[in-house]
Amino acid sequence: MERLIATPRADWVRRVESVGVHFHSVDDGPYWDESVCYQFSAAEIDELERATYALDKMCLEAVAHVIDNRLFQPFCIPDAFHDFVARSWEADEQTIYGRFDLAYDGAGAPQLLEYNADTPTALLEAAVVQWFWMKDCRPDADQFNTIHERLIEAWRTAAPASRVAFVSLAGNVEDYMTVNYLRDTAVQAGLDTEYLAVEEIRWNARRRAFVDIRERPMSIIFKLYPWEWMLADRFAPHLLEANTRWLEPPWKMLLSNKAILPVLSELFPTSPYLLRTAFQPPGPSYVRKPIQGREGANITLVADGRIETKTNGPYGDQACVYQELKPLRRFEGNHAVIGSWMVNGYACGIGIREDRGPVTGNTSRFVPHFFVP
């Protein structure tokens, strides 16, 4: 695993915008950064793939453990929705995708930092933008990336005869482009689709159904909108009486919650892919994470009892987990996190975010990768 200096394409802005990434820059520089790239060996890619499958298997076993033993309390899921989650799991409701965030240095085993199981972003960058970068800049190389093809396969089994609504918050460009990329893969799979802002979904009391702006019942909704926000919404009680099928399904709210990390540690204490995590500090060095935190907010890194890094954010009052401190490998002063994608049950690609600081946030740079076959 090496970080290489690269020459950006002269027209890189036009090229990334042509595939839908209009959030390619932030105030102090590029978000999509092709002035560098990461090179892997085929063996390293194989190791990342093995780790991803192993983590997926452990996560599914952890969900079964939580539901079978009714261990919902640490997840802060309201009591009224415990059966809602359990029914979703027992019905084997389909999952489309998720992203494991891994610490990996190219030497030891990749280790799980957290699982973005419900509303993972950086999908368009991983599936499409870096693929075209490789074709332009490293045409003789390969890339761990069949995300696009796996998404199309997923939609063919998810809703072959139904209209699927794709929704995201109004006014959020990144979410809009991500959800419409997913919609495009569903269209390529032959599905009937529509896009709505979350705020446009209505409740029809007479039909006891969620409806779109044309008052059509919405039987399947893909949402780029977190489950914990949905459960806090004034329409949340209607989730229990509607026949709508949600993607990601309700059982994924267990995996998107960092309270799953101590469960994994308890069930699989010897796994090389897991960092020790508990609801109390496991030692003098740890990372404190809010259970429903996002984008690196309210993270505290403590080394030998001393706070080294602390980020701000809106999750400061939440319950937290304490994860064994795993310093990320530094490349010329940059810390790299690997996002490994599961789509439709397949480990099918990675994307890399890097930052000068030790915590990856929403403005951390996305950089492309390739490997030598």
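Here we summarise the structure given alongside this text. Along each chain, residues carry numbers from 1 onward, in the same order as the chain's sequence is written. Totals for whole chains, interfaces and linings use all residues, but because this is a predicted model, local features are given only for residues with pLDDT of at least 70 and pairs of side-chain atoms are given and counted only at 80 or more. Only hydrogens and water are removed before side-chain values are computed, so all heavy atoms of the structure are retained for them.

Observations regarding the packing of helix α4 (residues 123-137) against helix α5 (residues 147-158)
α5 packs onto α4 with a crossing angle of 115 degrees between their chain directions and a minimal axis gap of 9 Å. The segment α4 lies against α5, with L123, A126 and A127 engaging I147, H148 and L151. Fitted lines through C-alpha atoms give the axes, limited to the stretch in contact for helices. The angle between two N-to-C directions lies from 0 to 180 degrees. Helix and strand assignments come from DSSP, with helices taken as H or I runs of at least 4 residues and strands as E runs of at least 2, each series counted from the N terminus. Throughout, a contact is declared for two residues whenever any of their heavy atoms are within 4.5 Å.

Some details on the side chain of T178
Along the polypeptide, T178 turns up in helix α6 (residues 173-188). Setting aside chain neighbours within four positions, we find T178 in contact with L123 and L224.

Some points on the packing of α5 against α6
Following both chains from N to C, one finds α5 and α6 inclined at 65 degrees, their axes separated by 8 Å at the closest point. The two elements α5 and α6 cross, and the hand of that crossing is right-handed. Packed against α5, whose contacting residues are H148, L151, I152, W155 and R156, the element α6 presents Y181, L182, T185, A186 and Q188 at the interface. Ten residues, namely Ala, Val, Leu, Ile, Met, Phe, Trp, Tyr, Cys and Pro, are considered nonpolar, four, namely Asp, Glu, Lys and Arg, are considered charged, and the remaining ones, Gly among them, are considered polar. Counted by class, the contact of α5 with α6 contains six nonpolar, three polar and one charged residues. By definition, turning the near helix anticlockwise from the far helix through less than a right angle yields a left-handed crossing, and turning it clockwise yields a right-handed one.

What about the nonpolar core?
What is meant by a nonpolar core is a set of buried Ala, Val, Leu, Ile, Met, Phe, Trp, Tyr and Cys residues, joined one to another through side-chain atoms within 4.5 Å. Here's how the labels work: a residue is buried when its accessible area is under 20% of the maximum for its type, exposed when over 50%, partly exposed in between, all with a 1.4 Å probe on protein chains only. Core analysis: the biggest nonpolar cluster contains 68 residues, and F40, L239, L254, I260 and L264 have the highest contact counts within it. Broken down by element, the residue count for this core peaks at 10 residues, all from helix α2 (residues 42-68). The residues touching F40, leaving out its near neighbours within four places in the chain, are M1, I45, L48, Y104, I338, I350, I352, H369, F370, F371 and V372. Within the second largest apolar cluster, 46 residues are counted, among which are L4, Y97, L123 and A189.

Regarding the sheet that holds strand β17 (residues 320-324)
For two strands to be treated as a pair, DSSP must find at least two bridges joining them. With antiparallel pairing, the five strands of this open sheet are ordered in space as β13-β17-β14-β15-β16. Taken across any chain shown, the strands that pair with only one partner, and hence form the sheet edges, are β13 (277-278) and β16 (306-310). Of the pairings in the sheet, the one linking strand β14 (residues 286-290) to strand β15 (residues 300-303) comprises three bridges and is antiparallel in character. Its bridge partner lying in β15, R288 is registered against T300.

Observations regarding the environment of N298
Along the chain, the position of N298 falls in the loop between β14 and β15. Sequence separation of N298 and Y53 is 245 residues, and the distance between their C-alpha atoms is 29 Å. Discounting chain neighbours no more than four positions away, the residues touching N298 are R288, P290, T311, N312, G313, P314, Y315 and G316. Here the side chain of N298 touches Y315 through a polar contact of 2.6 Å, landing on its backbone nitrogen. Under the rule applied, a polar contact is a pair of N or O atoms within 3.5 Å (in protein, one hydrogen donor and one hydrogen acceptor; residues adjacent in sequence only if both atoms are side-chain atoms).

Here's the deal with the sheet that holds strand β11 (residues 220-224)
Pairing is parallel in the open sheet, where four strands are placed in the order β8-β7-β11-β12. Unpaired on one side and paired on the other, β8 (192-197) and β12 (245-247) mark the two borders of the sheet. Mean inter-strand twist for the sheet, computed between neighbouring axes without regard to direction, equals 25 degrees.

Looking at the pattern of salt bridges
By convention in these notes, a salt bridge is any Lys or Arg side-chain nitrogen within 4 Å of a carboxyl oxygen on Asp or Glu. Tallying each qualifying case throughout the model produces 27 salt bridges. For E114, the salt bridge identified is with K258, shortest N-O distance 3.9 Å. Residue E114 is found in strand β6 (residues 111-116), and its partner K258 is found in the loop between α8 (252-255) and α9 (260-267); the two are separated by 144 residues along the sequence. Given the relative accessible area of 6%, K258 is considered buried. Several salt bridges converge on common partners, so that one network encompasses R9, D11, R14, R15, E34 and D136.

Focus on the environment of A122
Relative to the helices and strands, A122 is located in the loop between β6 and α4. A relative accessible area of 5% places A122 in the buried class. As for A122 and I213, which are separated by 91 residues in sequence, their C-alpha atoms are 29 Å apart.

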